Amino acid sequence: MSKLQLDNVNKQLGGLRILRDISLEIASGEFVVFVGPSGCGKSTLLRLIAGLESICAGDLLIDGRRVNDLEPRERGVGMVFQSYALYPHMSVYDNIGFGLKLAKTDKRSLRERVLETARVLQLDKLLQRKPKELSGGQRQRVAMGRAMAREPDILLFDEPLSNLDASLRVQMRNEIARLHASLGTTMIYVTHDQVEAMTLADKIVVLNAGRIEQVGSPRELYERPVSRFVAGFLGSPRMNFLPAQLLAPGLHSAISTPALGQLAALPFDSRALAAGSPLTLGIRPEHLSLQKASGDAGLRVVGVEYLGCETYVHLDVDQDEPLICRCAATAEWRHGDRAELRPEFAGLHLFDADGNCLPRQAAATASNPASALRQGCA
Amino acid sequence: MSLRLLKKTLLRLGFCVAIGILLLYAVFPFYYAVLTSLKPSSALFQVSYWLDKPDFSNYTAVLQQASFLQAIGNSVFVAICVVALALFLSLTAAYALGRVKFRGRGTVLLLVLGVSMFPQVAVLSGLFEVIRALGLYNSAWALILSYTIFTLPFTVWVLTTFIGQLPGELEEAAIMDGASPWVALTRVLLPLLWPALVTTGLLAFIAAWNEFLFALTFTLTDQERTVPVAIALISGGSQHELPWGLLMAASVIVTVPLVLLVLVFQRRIVSGLTTGALKG
Amino acid sequence: MTTSISRAQPFYDEPLPIKETPVQRRRIRAAWLFLTPMLLCLLLVAGWPLLRTFWFSLTDTSLSDAGAGAFIGLSNYLAIDGDGWSGILVDPLWWQAVRNTLHFTAVSVSLEICIGLAVALLLNVRFTGRALVRAMILIPWAIPTIVSAKIWAWMLNDQFGIINHLMLGLGLIDAPLAWTADASLSMWAVIMVDVWKTVPFVALLMLAALQMLPGDCYEAARVDGVHPLKVFWRVTLPLLMPALLVAAIFRILDSLRVFDVIYVLTSNSSSTMSMSIYARQQLVEFQDVGYGSAASTLLFLIVAVIAVLYLYLGRRQMEVR
């Protein structure tokens, strides 16, 4: 089992900086997911760990040993490719055993290892088949078996489920999780699918434009995003963002937003900012509740999405995107209704003009959320 | 009958006639050669479009000539060796050019393209000297060596295109499995390249089988001649006394294998010809 | 623990040294190793002989005694002595060969492109037996040039040839024509054979290009009710242009070095002599390696100039578009 460490790793391609000062530690046995929008450098980072791409500056250490100048097979890593890249002319047995054969493993232990791998992946009955005779999920398992056969310390996955249809994707996701639990191998997994990231990861690394935006457990990232980017990237429907203005800087901030009015005693430290600074208030759809408003009060409902288990209500807040509120499926909202918003205080996020989350404070005990709310809606 | 239907019928008729003319144009000369070869020498000088009774005397006469059989043997040997040599040399080269990014790749490709374009006669005297220096004059090896000048650029070009189309992750998977470039080429990519190799090999074979200028210049004796030269040198006493029946029989014998190859591998040949030209 | 890297970074990047992974380094080394045999072979059969040809053209080497040639400067090309100018550049036969070659190239390539395009359009129509027809028209391409020249020589035979027979029968001519011997006809005979042999190649190239054209253009045109002829001129032909240019350059370069058709069909007759025939005649039959090499060099230069010019103009045309 090995620990992997990236130390100020940089990657440049054709004058373009693909990765910038990436520093990261991955403990042995951890399941780490790299996630980010396309072009953020997540695949490059994975290929760089694999040894398929070069590191322009910085160090890559596995178990404390610098491996920048080692070939993939010397690094003890295995990789599962997006297209599976199975050898089409070889049987499943040969696909899994190819790496072992090249490593000059003797015939008997090669056979044992291949059979053992096939057993773990439930490929026992398919060993003589060619890849083209397999289903998508089976091919996926063969690709994993090939990566696992040489018992690498670290397994790399490059968007492995993106070629499968939705139901199979869920099934294979669970299988990978089960595999990780039983093998205990360090796994690094690249995806752009936030559900895969949330469900699989011990630790998520969010990348944006070649930089690490945030590293943390799924819960940390979801509940305490350090930036507007992370906050907006995870969660579906995504977090609502409302323009706001800082009224009074302090340990606990008071702000005003056009949509929600004034909010006081928010648990964010804004002492570094001046009064009047532009801010962004973030709030997830599930942290908003609605009440019917009478007459012209409150906000107008401009859309209702009924999903069976719940309903998303869209509210007009005078900006490009409507505010989305997650309600119970039983709630009966109609286009044109007026609604009063009740945000949940613990679910509020406050970002400065650069998109960084303001330092979070313990909730101000003195202030009563309900009173603050009343003040807000006044 | 409506006017539209009439127009449609006429159009279809015109199309069928056009296809008929095309087929006649393409096939008639060869048909006529077969026809001539099956006539006894007495009937040779009466033009006819049909044959009542085939007469194989021309074929028996040609096949009894030791020099002609020798020429066929030489042609087969030369063409097979050229194909083997060109495929081996171009397979490794195509891997380098099609799969590896390195400085100088564009220059090498341009060089190969350049060689395929220049006239063979331009190297004739220099090549003559090289062949004499190597002691290969008037031997099949002189032809095998010199034929690479036109087969190699072509096979390199086509194989580079084919090998470049194979998915990149396949080779990366092999690298992750610990394969060296040689192993990746021979154990992973080569098995997928068989169709391309068949195509290019076929085209190289046809080119080598048909070559004339070098064969005429670098061989001297009947023992070493290839088929095109042998046919070109079949002669009678004067222009008007050419043994046409014999000549056509020999022509048909050397052409039939090619025609069969073309008919069988038509699809592959077309794809080889067009990838070489259009994707380059 | 939640970590965050400060995002206040300098906008400007210093370029990093380009590094390769061990794998990449190994692959580049392997690439050169893999290229070496091919490059050596081409050097042996193309590069070095070409240079030697250039050198021979500056000497008076003869075939019987190749080692004994002396450097004579540009005398093979052009020299002046007591009797006046001498050398290839004042040899009327050479200029005749140049004219013949250019004439042959211009006529046969234009004919091939036109007929090839027509055949391709014909074969682009879906009909039963199309694959068979496509295979059949490949037959002329597969027949060795020597053989097709011989077959046509027989068909064009002045006394017993079927072409004369047919034309007499149809009343097109009054007396048999001496196709290969008559100076005014022999070039046409040569062109006829060459066109017959190479139309399949051009047609299949065009056909492949036609089948790669996007279908939605045609759908749009058909929906708009544009006349098919107009569609051809405005849509098909412009889209086909790149393939057409490629086919043309292939055929032009091939025609400029034409040798075997002419050699077999009309032998050394001056009315059809091409540059290649001229060079080989000097080189082998007259044993004059120096003079023959000079002719080869000139042919090489002409081909090179045309190729470079064509590629340059073609690329500019593409860029304009």
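Residues numbered from 1 in each chain as written. Chains lettered and ligands numbered in written order. Predicted model: local features only at pLDDT ≥ 70, side-chain atom pairs only at ≥ 80, totals over all residues.

- As recorded in an unreviewed UniProt entry, chain C goes by Carbohydrate ABC transporter membrane protein 1, CUT1 family and comes from Pseudomonas borbori.
- In its Sequence similarities (unreviewed entry) section, UniProt records this for chain C: "Belongs to the binding-protein-dependent transport system permease family."
- UniProt's Subcellular location (unreviewed entry) comment on chain C is quoted here verbatim: "Cell membrane". (UniProt positions renumbered as here; feature names shortened; annotations may be inferred.)

- An unreviewed UniProt entry lists chain B under the name Carbohydrate ABC transporter membrane protein 2, CUT1 family, with Pseudomonas borbori as the source organism.
- In the Subcellular location (unreviewed entry) part of its UniProt record, chain B is described as follows: "Cell membrane".
- Recorded under Sequence similarities (unreviewed entry), the UniProt text for chain B is reproduced unchanged: "Belongs to the binding-protein-dependent transport system permease family. MalFG subfamily."

Some remarks on the overall build of chain C
(1) Moving on: On a plain count of helices and strands, chain C comes out with 12 helices and 2 strands.
(2) Moving on: Along chain C, helices (α) and strands (β) appear in the sequence α-β-β-α-α-α-α-α-α-α-α-α-α-α when read from the amino end.
(3) Moving on: Relative to the globule expectation of 20 Å for 321 residues, the C-alpha radius of gyration of chain C, 27 Å, shows a markedly less compact shape.
(4) Moving on: Counting only C-alpha atoms and orienting by the principal axes, one finds that chain C spans roughly 100 × 65 × 35 Å.
(5) Moving on: Here chain C holds 321 residues, and 40% of them are scored as buried.
(6) Moving on: Long-range pairs, those at least 24 residues apart, make up 66% of the contacts in chain C with a sequence separation of at least 6. (Helix = DSSP H or I, 4+ residues; strand = E, 2+ residues; numbered from the N terminus. Rg over C-alpha atoms; globule rule 2.2 N^0.38 Å. Buried ≥ 20, exposed ≤ 12 C-beta atoms within 10 Å, placed from the backbone. Contact = placed C-beta atoms within 7 Å.)

A closer look at the sheet that holds strand β13 (residues 261–266) of chain A
Residues and elements named next belong to chain A.
(1) Moving on: Taken in spatial order, the 5 strands make up an open sheet running β13-β12-β11-β14-β20, and their pairing is antiparallel. Only two strands of the sheet have a single partner each, and these edge strands are β13 and β20 (348–351). Going across the sheet, the axis of each strand differs from the next one's by a mean of 35°, ignoring polarity.
(2) Moving on: Relative to strand β12 (residues 253–257), strand β11 (residues 240–248) runs antiparallel, the two being bridged by 3 bridges. The partner of Ala248 across the bridge, within β12, is Ala254. (Pairing = 2+ DSSP bridges. Axes fitted to C-alpha atoms, helices over the stretch in contact; angles between N-to-C directions.)

Focus on the sheet that holds strand β16 (residues 299–306) of chain A
All names here are of chain A.
(1) Moving on: The strand order across the open sheet formed by 5 strands is β15-β19-β16-β17-β18, and the pairing between neighbours is antiparallel. Two strands lie at the open edges of the sheet, namely β15 (288–292) and β18 (323–328), each paired on one side alone. Averaged over all adjacent pairs, the angle separating strand axes in this sheet is 45°, with direction ignored.
(2) Moving on: Of the strand pairs in this sheet, β16 and strand β17 (residues 310–315) are connected by 5 bridges, and their pairing is antiparallel. Note on β17: the bridge partner recorded for Gly303 is His314.

Focus: the interface of chain A and chain B
Frequently, the measure chosen for interface size is the accessible area that the parts lose on association.
(1) Moving on: Listed as interface residues are 16 residues of chain A and, on the opposing side, 14 residues of chain B.
(2) Moving on: Looking at the side of chain A that touches chain B, the elements that each hand over two or more residues are α2 (72–75), β6 (77–80) and α3 (92–102) of chain A.
(3) Moving on: Considering each element in turn, the side of chain A that touches chain B owes the most residues, 3 residues, to α3(A).
(4) Moving on: The class makeup of the residues in the side of chain A that touches chain B is 11 nonpolar, 4 polar and 1 charged. (Nonpolar A, V, L, I, M, F, W, Y, C, P; charged D, E, K, R; others polar.)

Overview of the domain arrangement of chain B
(1) Moving on: The domain boundaries assigned to chain B delineate domain 1 (14–55) and domain 2 (65–278).
(2) Moving on: Relative placement of domain 1 of chain B and domain 2 of chain B: their C-alpha centres are 32 Å apart. (Domains from an automatic or database assignment.)

Things to note about the UniProt feature "transmembrane region" (unreviewed entry) in chain C
Residues and elements named next belong to chain C.
(1) Moving on: This chain's UniProt record puts "transmembrane region" (unreviewed entry) on residues 30–51, 102–123, 135–156, 188–211, 231–253 and 291–313.
(2) Moving on: A helix fraction of 100% and a strand fraction of 0% characterise residues 231–253, whose end C-alpha atoms lie 31 Å from each other.
(3) Moving on: Secondary structure within residues 291–313 divides into 100% helix and 0% strand; the distance between the first and last C-alpha atoms comes to 33 Å.

Section: the confidence of the model for chain C
Reading predicted coordinates in detail is not appropriate for stretches of low pLDDT.
(1) Moving on: This prediction gives chain C a mean pLDDT of 81; 93% of its residues lie at or above 70.
(2) Moving on: As scored by the predictor, the complex reaches a pTM of 0.83 and an ipTM of 0.85. (pLDDT = per-residue confidence, 0-100.)

What to know about the pairing of β11(A)
Residue and element names in this part refer to chain A.
(1) Moving on: Note that β11 and strand β14 (residues 278–283) share 6 bridges and pair antiparallel. Each residue of the ladder has a partner; that of Gln245, found in β14, is Pro278.
(2) Moving on: The loop that links β11 with its antiparallel partner β12 comprises 4 residues.

Side note on unusual backbone geometry
Phi is mostly negative for residues that are not glycine, and the peptide bonds are mostly trans.
Residue and element names in this part refer to chain A.
(1) Moving on: Note the cis peptide between Ser236 and Pro237, where omega equals -5°.
(2) Moving on: Looking at the secondary structure, you find Pro237 in the loop between α9 (228–233) and β11.
(3) Moving on: Residue Tyr84 is not a glycine yet carries a positive backbone phi of 70°.
(4) Moving on: Topologically, Tyr84 is positioned in the loop between β6 and α3.

Observations concerning the UniProt feature "transmembrane region" (unreviewed entry) in chain B
Residues and elements named next belong to chain B.
(1) Moving on: According to UniProt, the feature "transmembrane region" (unreviewed entry) maps to residues 12–34, 76–96, 108–128, 140–163, 184–209 and 244–265 in the numbering used here.
(2) Moving on: The span residues 12–34 shows a helical share of 100% and a strand share of 0%, and its end C-alpha atoms are spaced 32 Å apart.
(3) Moving on: Within the segment residues 76–96, helix and strand shares are 100% and 0% respectively, and the terminal C-alpha atoms sit 30 Å apart.

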